[in-house]
Amino acid sequence: MTSSPLARLGEQTTDLLSTIGSLATLDALIEAEPSLTGKRSLLSTLQKSLGSLEPDDRRAAGAQLQAARRVVEEALSARRSELERAARVLQLESDRLDLGDVVDSAVVHALSVGHPGLIATTQSQLEDVFVGMGFTVADGPEVESDWYNFEALNIPPAHPARGMWDTFYVDLGEPETVVLRTHTSPTQIHLMEEAVARNSLPIHSVMPGRCYRRDTPDASHLYSFHQIEGLVVDRGITFADLAGVIETFTRAYFGSDITSRLRPAYFPFTEPSAEFEVTCTLCRGGGCRTCSFTGWLELGGSGMLDPAVLEAVGIDGEEWSGFAFGFGIDRCAQMRHQLTDMRALIENDTRFLEQMS
Ligand code: PHE
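Calculation notes
Residues numbered from 1 in each chain as written. Predicted model: local features only at pLDDT ≥ 70, side-chain atom pairs only at ≥ 80, totals over all residues. Heavy atoms only, no water. Helix = DSSP H or I, 4+ residues; strand = E, 2+ residues; numbered from the N terminus. Polar contact = N/O pair within 3.5 Å; in protein donor to acceptor, adjacent residues only side chain to side chain. Contact = heavy atoms within 4.5 Å. Axes fitted to C-alpha atoms, helices over the stretch in contact; angles between N-to-C directions. Parallel < 35°, antiparallel > 145°, perpendicular 65-115°, else oblique. Buried < 20%, exposed > 50% of the residue type's maximum accessible area, 1.4 Å probe, protein only. Pairing = 2+ DSSP bridges. Nonpolar A, V, L, I, M, F, W, Y, C, P; charged D, E, K, R; others polar. Near = heavy atom within 4 Å. Areas by Shrake-Rupley, 256 points an atom, 1.4 Å probe, with all protein chains shown as cover.

Undergrad: Would you mind showing me how to read the side chain of S185 here?
TA: Looking at the element boundaries, S185 is found in helix α7 (residues 185-198). One polar contact links S185 to E229, side chain to side chain, over a distance of 2.7 Å. When residues no more than four places from it in sequence are discounted, the contact partners of S185 are L153, E229 and F269.

Undergrad: Can you walk me through the packing of helix α1 (residues 9-21) against helix α4 (residues 55-95) in this structure?
TA: A pair of packed helices is captured by two measures, namely the crossing angle of their axes and the spacing between those axes. One way to put it is that α1 packs onto α4 with a least axis distance of 9 Å and a crossing angle of 10 degrees. For the element pair α1 / α4, the angle class is roughly parallel. Contact with α1, carried on its side by L9, T13, L16, L17, I20 and G21, involves Q64, L65, A68, V71, V72, A75, L76 and R79 of α4 and no other residues of that element.

Undergrad: Where do I start with the pairing of strand β10 (residues 321-328) in this structure?
TA: Regular strands show a simple pattern: their side chains alternate between the two faces of the sheet. Where burial is concerned, most of β10 is hidden: seven out of the eight residues are buried. In this sheet, β10 lies alongside strand β6 (residues 224-234) in antiparallel orientation, the contact comprising eight bridges. The partner of Q227 across the bridge, within β10, is G328. Pairing of strand β9 (residues 296-305) with β10 involves five bridges; the strand directions are antiparallel. Within the sheet, the bridge partner assigned to S302 lies in β10 and is F325.

Undergrad: In this structure, what is going on with the packing of helix α3 (residues 42-49) against α4? I would like to understand it.
TA: Here α3 crosses α4 at 170 degrees, and the two axes come no closer than 11 Å. Taken together, the axes of α3 and α4 lie roughly antiparallel to each other. On α4, the residues touching L43, S44, L46 and Q47 of α3 are L65, R69 and V72. Tallied by class, the residues present in the contact of α3 with α4 amount to four nonpolar, two polar and one charged.

Undergrad: What's the story with the sheet that holds strand β2 (residues 143-145) in this structure? I'm lost.
TA: Backbone hydrogen bonds hold the strands of a sheet together, and the pairing may be parallel or antiparallel. Strand order in the open sheet formed by three strands is β2-β4-β3, with antiparallel pairing between adjacent strands. Sheet topology places β2 and β3 (169-171) at the edges, where each strand pairs with a single neighbour. The sheet shows a mean angle of 35 degrees between the axes of neighbouring strands, taken without regard to direction. Bridge count between β2 and strand β4 (residues 178-180): three bridges; the pairing is antiparallel. Residue pairing in the sheet places S145 in a bridge with V178 of β4.

Undergrad: How should I be thinking about the site of the ligand in this particular structure?
TA: Neighbouring the ligand are 15 residues, the closest being H183, S185, R213, Q227 and E229. Take S185: an N or O atom from its side chain is 2.9 Å from a nitrogen atom of the ligand. Bound to the protein, the ligand loses 94% of the 330 Å² it would expose on its own. Every element with two or more residues in the shell around the ligand is listed here: α7, β6, β9 and β10. Top contributing element to the shell around the ligand by residue count: β10, with three residues. Tallied by class, the residues present in the shell around the ligand amount to five nonpolar, eight polar and two charged.

This is the structure in structure tokens:
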């Protein structure tokens, strides 16, 4: 008895399937197709050899071979779709418009994402410290009438103290002179007026914002800078409360090795008035050029609310007392980050901006 021509069909089918699986390109598949399923393929050769079989055997073998052919043809068509899809992707990639002439496609720069600048960051850190101490945060206009910026603060026209603030005038007109605020103190007036109108005293607020002075910029002055004002109006407020708030703030913001001290000073809207100084953040009090070898740096002004100011806004100075303070936000940023030149804060040099992000 001769062995069936299909004795190795299973093995042969497996070989064909693995050949199909290894076809790597559409061209390779097209080239291999005749030898896999065409007239000269193994399957066709086997088909022909069935002629020598007995009719019954031939029918059975024919069905077997038919099934094998179907498996091979399906595998071939699946592989064809796969390779076609891959070819399409390649085609799309190579068709993509190359803007090499317009942009430098060889160098792809990382996108740099914006972030709050040092002044904004410092402002919100300062707000956080004061909010933690029970203060609310308020806002005021940058363009003020002479009355808010000066007169209500006990600085009448032609008062010699006006020389303390070199002022940008927006309008010298009658009846009202309009200025760019030279400090955040006019916001005190707005707050007190509102509290009187709403009968909502006491006040415990800080007021950050931009101010302007006709100063020539140098390492420690900008013509546009930022201050944060503090105002407390309550019953039984004393100078000790002012000193306590300044000291608590100083340690909370600069660190527990930095302390504050008050020195007598003059401001028309506070009486008594004090300048406040903090330990030099560069030498930590040892004495260096920045602090003129004193170990202290001046940060801002403060004092008990002058009765003339309370009167200007209609607050009864017999019942209420309070204090105010004001200092530079930019100066805080400079001190905390030990910037030798404050102008770095407004120059927008991207190297500086990135370093301070
Ligand atoms: N407004 C003052 C200044 O800019 C600082 C200050 C604020 C002083 C509040 C006393 C009270 O110079």
